[in-house]
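# A closer look at the structure
Letter by letter, the chains look like this.
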Amino acid sequence: MTDILLRGGRPWRLLAPADLLVRDGVIARVGQGLDAGGARVVDVSGRLVLPGLVEAHCHLDKTLYGGAWVPHSADDTLTGRMSNDLGRRAELGVPSVERITALLERMSSFGTTHVRTHTDIDPAVGLRGVEAVGEAAAALSDRVSVQQVAFPQHGLLTNPGTAELLEEALKSGVEAIGGIDPAGIDRDPVRHLDTVFELASRYGAAVDIHLHDGGTLGAWELELIIERTAALGLGGRVTVSHAYALGQIDGAHQDRLAKGLAEAGVAVATAAVYSFPVPPVRKLREAGVTVACGHDGIRDLWGPYGSGDMLERAMHLAYRSTFRADADIELALEAATYGGARALGLPGYGLSVGDQADLVVVPVGGAAEAVVTHPPRSLVMKRGVLLSA
Ligand SMILES: [Zn+2]
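Cut-off values and rules
- Residues numbered from 1 in each chain as written.
- Predicted model: local features only at pLDDT ≥ 70, side-chain atom pairs only at ≥ 80, totals over all residues.
- Heavy atoms only, no water.
- Helix = DSSP H or I, 4+ residues; strand = E, 2+ residues; numbered from the N terminus.
- Rg over C-alpha atoms; globule rule 2.2 N^0.38 Å.
- Buried < 20%, exposed > 50% of the residue type's maximum accessible area, 1.4 Å probe, protein only.
- Contact = heavy atoms within 4.5 Å.
- Areas by Shrake-Rupley, 256 points an atom, 1.4 Å probe, with all protein chains shown as cover.
- Lys, Arg positive; Asp, Glu negative; His and termini not counted.
- Charge placed at Lys NZ, Arg CZ, Asp CG, Glu CD.
- Donors = N, O, S within 2.8 Å, 3.2 Å for Na, K, Ca; no water.
- Tetrahedral: all angles 85-135°; square planar, octahedral: opposite > 155°, others 65-115°.
- Pairing = 2+ DSSP bridges.
- Axes fitted to C-alpha atoms, helices over the stretch in contact; angles between N-to-C directions.
- Parallel < 35°, antiparallel > 145°, perpendicular 65-115°, else oblique.
- Left-handed = near helix turned anticlockwise from the far one by under 90°.
- Expected span 1.5 Å × (residues − 1).
- Salt bridge = Lys/Arg side-chain N within 4 Å of Asp/Glu carboxyl O.

## Side note on the overall build of the protein
When you go through the protein residue by residue, the secondary structure sums to eleven helices and 16 strands. Against the 2.2 N^0.38 benchmark of 21 Å for 389 residues, the protein shows a C-alpha radius of gyration of 20 Å, consistent with a compact globule. Projecting the C-alpha coordinates of the protein onto the three principal axes gives extents of approximately 60 × 50 × 40 Å. For the protein, with 389 residues in total, the buried portion stands at 59%. Contacts spanning at least 24 positions in sequence make up 75% of the contacts within the protein whose residues lie at least 6 apart. A total accessible area of about 14,800 Å² is found for the protein, and carbon and sulfur atoms account for 51% of it. One finds the centroid of the 35 positive side-chain charges in the protein at a distance of 4 Å from the centroid of its 47 negative side-chain charges.

What follows is the structure, given as structure tokens:
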């Protein structure tokens, strides 16, 4: 593998420009005026160097990306979108290895190097989604790393046979188990969460739960998740996705839950889509809670939006959070990079010596500008291999 020297860039959070020497897939040196030796030199003078972007919440298996445009056909309720998904996915060829591949290629072109995707599992689709995502991810493993969550989209307790299939998925090597509205959809939050956490504990899986349930109901479910995370010693391995309730409860209640999430090691992933409530990112970060970011659906039966660009997604998160100051806008970029990496449990992530050389270079001078303008990327690198430059 050829050594590569990125010359003159501005690594995010370093105070001065610095060269990065990449050797054997990792960052070997960081400093000014590094000797190139026999390395290939790539001039990135004045450009922002970021660690690879992390898509922490999407649904690759559902995507229609790369195919013909499909007009949206669901009504405006969660249950309506769920029945639209169940009713039309077979007709539209979902899940499709080709479309998943097309979307992963697009994500990679924007500098996304790690993806966590929630894959539908239910008695009708079985593990076909897991297999389709696995096939596409294996073919693109030199460009992007994909982590799957075995996801009971259409209910767990309310959809007999689903728990057994989730277990099969974990046995087959799927890294994480999901859940969905333990109260609002599955009608029995204690039993739902006990089932999910018991499987996670038995198979050493991470947990990532969709929680749309709002207000005090959702807040109480967060407490149940915190309790189980602490009791099973799963801190750092549990994420709550969406967590709308955090954006709806009063400030004092937010403070208490933020403290509980931080102490238990429960991360929050948000997509900041449409007008759905967004968790209080700055408050959560100040309390020490890991905040990650993702698109949720990208061009699928649930909605026609989503580009696959995590800098654009970070812009939406910053905008929905009413962030204007650079330091605030950078919190959204943190969610799309380091926050996502912590939520996904990625080892060796970052811009320090010894970290994996997953890098993206953006033709701007600073992080807030990268988020607001999200321009075409100058360079994308995965494990020390240039994918575009
Ligand atoms: Zn989702």
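Next comes the rest of the account.
## Observations regarding the coordination of the zinc ion
Protein-derived ligands of the zinc ion are His 57 (NE2), His 59 (NE2), His 210 (NE2) and Asp 296 (OD), with the metal-ligand distances lying across 2.1 to 2.2 Å. Note that the zinc ion binds four donor atoms; their angles at the metal cover 88 to 169 degrees, and the shape is irregular. Read from N- to C-terminus, the donor residues coordinating the zinc ion fall into the pattern H-x1-H-x150-H-x85-D. Of this pair, His 57 sits in strand β6 (residues 53-58) while His 210 sits in strand β10 (residues 206-210), placing them 153 residues apart in sequence.

## Here's the deal with the sheet that holds strand β13 (residues 291-293)
Two pairing modes exist for strands in a sheet, parallel and antiparallel, and in both the strands are linked by backbone hydrogen bonds. Read across the sheet, eight strands follow the order β6-β7-β8-β9-β10-β11-β12-β13 without closing on themselves; strand pairing throughout is parallel. The sheet is open, and its two borders are formed by β6 and β13, each paired with just one other strand. Between one strand axis and the next, the sheet turns through 25 degrees on average, direction left out of account. Bridge count for strand β9 (residues 176-180) against β10 is five bridges, and the pairing is parallel. Note that in β10 the partner of Gly 179 across the bridge is Ile 209. Its contacts with the sheet put helix α5 (residues 189-203) on β9, β10 and β11 (238-241), and the angle it makes with β9 is roughly 175 degrees.

## Quick word on the environment of Asp 326
Mapped onto the elements, Asp 326 comes out in helix α10 (residues 326-344). Asp 326 gets classed as exposed once you look at its relative accessible area, which sits at 51%. In this structure, the C-alpha to C-alpha distance between Asp 326 and Val 372, residues 46 residues apart in sequence, is 9.9 Å.

## Here's the deal with the packing of helix α6 (residues 215-231) against helix α7 (residues 251-264)
Across the interface, α6 lies against α7 with an axial gap of 9 Å and an inter-helix angle of 20 degrees. The angle between the axes of α6 and α7 places the two elements in the roughly parallel class. The chirality of how α6 crosses α7 is left-handed. Note on element contacts: α7 touches α6 through His 253, Leu 257, Gly 260, Leu 261 and Ala 264, opposite Ala 219, Leu 222, Glu 223, Ile 226 and Thr 229.

## Let's talk about α10
Here α10 contains 19 residues, and its C-alpha end-to-end distance of 26 Å stays within 8% of the 27 Å for a straight helix at 1.5 Å per residue. With 15 of 19 residues buried, α10 lies mostly within the body of the structure. Just beyond α10, the residue with positive phi is Gly 345, at close to 70 degrees.

## A short note on the pattern of salt bridges
For the structure on display, the rule yields 21 salt bridges. Among the ionic pairs, Asp 76 bridges to Arg 81, the shortest N-O distance being 3.7 Å. Classification of Arg 81 by relative accessible area gives buried; the value is 14%. The salt bridge involving Lys 382 is made with Asp 358; its shortest N-O contact spans 3.5 Å.

Interpretation in functional terms is not warranted from these geometric data alone.
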